Amino acid sequence: MRITLRQLRYLDALAAEGHFGRAADRASVSQPALSAQIRELEDALGCQLVERVSSGARLTPAGVAVVERGRRILAEAADLEAYARVAADPTKGSLRLGIIPSIGPYLLPKLLPALDQVFPALKVSVRETVTATLVGELQDGGLDLVIASLPLDDPSFREMSVFTDAFLLAMPAAGPLSLGVFDSAAEIPTEALLLLEDGHCLRDQTLASCGALDARRLTRAGVTSLATILQLVAAGQGVTLLPELFLAATPLDAGRVRLRRFHAPEPHRTVGLAWRKSSPLSGLCEQIADLIAEMKPAVERVPA
């Protein structure tokens, strides 16, 4: 019995979800069909890949190894399909673009019209989600290109930085927190710092910029958007670090929020592109990177 790409896709979905029902939804198939394909894969390989537990499903050590190798096979298959689509002209095919939420709303309104103008025959679909999910989907061939904060530290990816995005301090314009003088991000009191919820790379970058913090003293707002963070700052609930890309595209109420730049070297993130080294779209990805760099997304330096 031979293994199939379908079986590997279903196992990958189960590995991602840890539950047969959710994996079936992710793979757009019925749960019995997904379970049957995974059993056939186990029979073909002669080993148990999945342990059925009360909470759902857990990969065995063999299952973990098969998923890792399967993702490489799926990525190669996706590249083969892409190669066939773009062999004649990559700018006349399709591009599956992934982008993180702290970049997407502020870059895409400029980028997508520019792509339409430069590559009018290119069909671009957009997927916005957190970095870890984008990395997994780029690894297994579900995406062609990712725009995120670099580095992603995957040896199978090629990365190209396109611009540096400085972090500015946002603080209430009135109240006790407005009196703080922070020459560096590391001077911000832990209990005053507002952050995005776990899973957002911007949260990790902010924490890294602020040095060693006691995570137990962090304000736990469970916030998923920079716009909400900004409103909390305006309401006097704390201070935060906001990327210049966001601030350049967001109207501010100067009567409620003050911005301040830090002393050099400013905390920042590196925004760039990543794609699989094996991708037949490498040349197109390089052109898109050059296009973004020329656009200078933060058109003007945010005054502070």
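As a starting point, this report considers the structure included with it. (Residues numbered from 1 in each chain as written. Predicted model: local features only at pLDDT ≥ 70, side-chain atom pairs only at ≥ 80, totals over all residues. Heavy atoms only, no water.)

A word on the overall build of the chain. The number of helices and strands found in the chain is 10 helices and 9 strands. Across the 304 residues that make up the chain, the buried fraction comes to 46%. Once local pairs closer than 6 in sequence are excluded, the contacts in the chain between residues at least 24 apart make up 74%. Total accessible area on the chain is roughly 14,700 Å²; 52% of this is exposed by carbon and sulfur atoms. (Helix = DSSP H or I, 4+ residues; strand = E, 2+ residues; numbered from the N terminus. Buried < 20%, exposed > 50% of the residue type's maximum accessible area, 1.4 Å probe, protein only. Contact = heavy atoms within 4.5 Å. Areas by Shrake-Rupley, 256 points an atom, 1.4 Å probe, with all protein chains shown as cover.)

Of note, the bond from Leu 150 into Pro 151 is cis; its omega dihedral lies within 30 degrees of zero at 5°. You can see Pro 151 is positioned in the loop between β5 (145–150) and β6 (157–172). Of note, the amide linkage connecting Ala 264 to Pro 265 takes the cis form, showing an omega dihedral of 0°. Structurally, Pro 265 is set in the loop between β8 (257–260) and β9 (268–276). Of note, Asp 153 is a non-glycine position whose phi angle comes to about 55°, a positive value. Here Asp 153 shows up in the loop between β5 and β6.

Looking now at the side chain of Gln 37. The topology assignment puts Gln 37 in helix α3 (residues 31–45). The class of Gln 37 is buried, set by a relative accessible area of 16%. If near-sequence neighbours (up to four positions away) are discounted, Gln 37 is found in contact with Thr 4, Arg 6, Gln 7 and Tyr 10.

What follows is about the nonpolar core. Burial of nonpolar side chains together is a common tendency in soluble globular proteins. Core analysis: the biggest nonpolar cluster contains 69 residues, and Leu 111, Ile 147, Ile 188, Leu 273, Ile 288 and Ile 292 have the highest contact counts within it. Of the residues forming this core, the biggest block, 10 residues, is contributed by β6. The next biggest cluster of nonpolar side chains, apart from the first, holds 17 residues, and it includes Leu 8, Leu 14, Ala 24 and Val 66. (Core = buried A, V, L, I, M, F, W, Y, C linked by side-chain atoms within 4.5 Å.)

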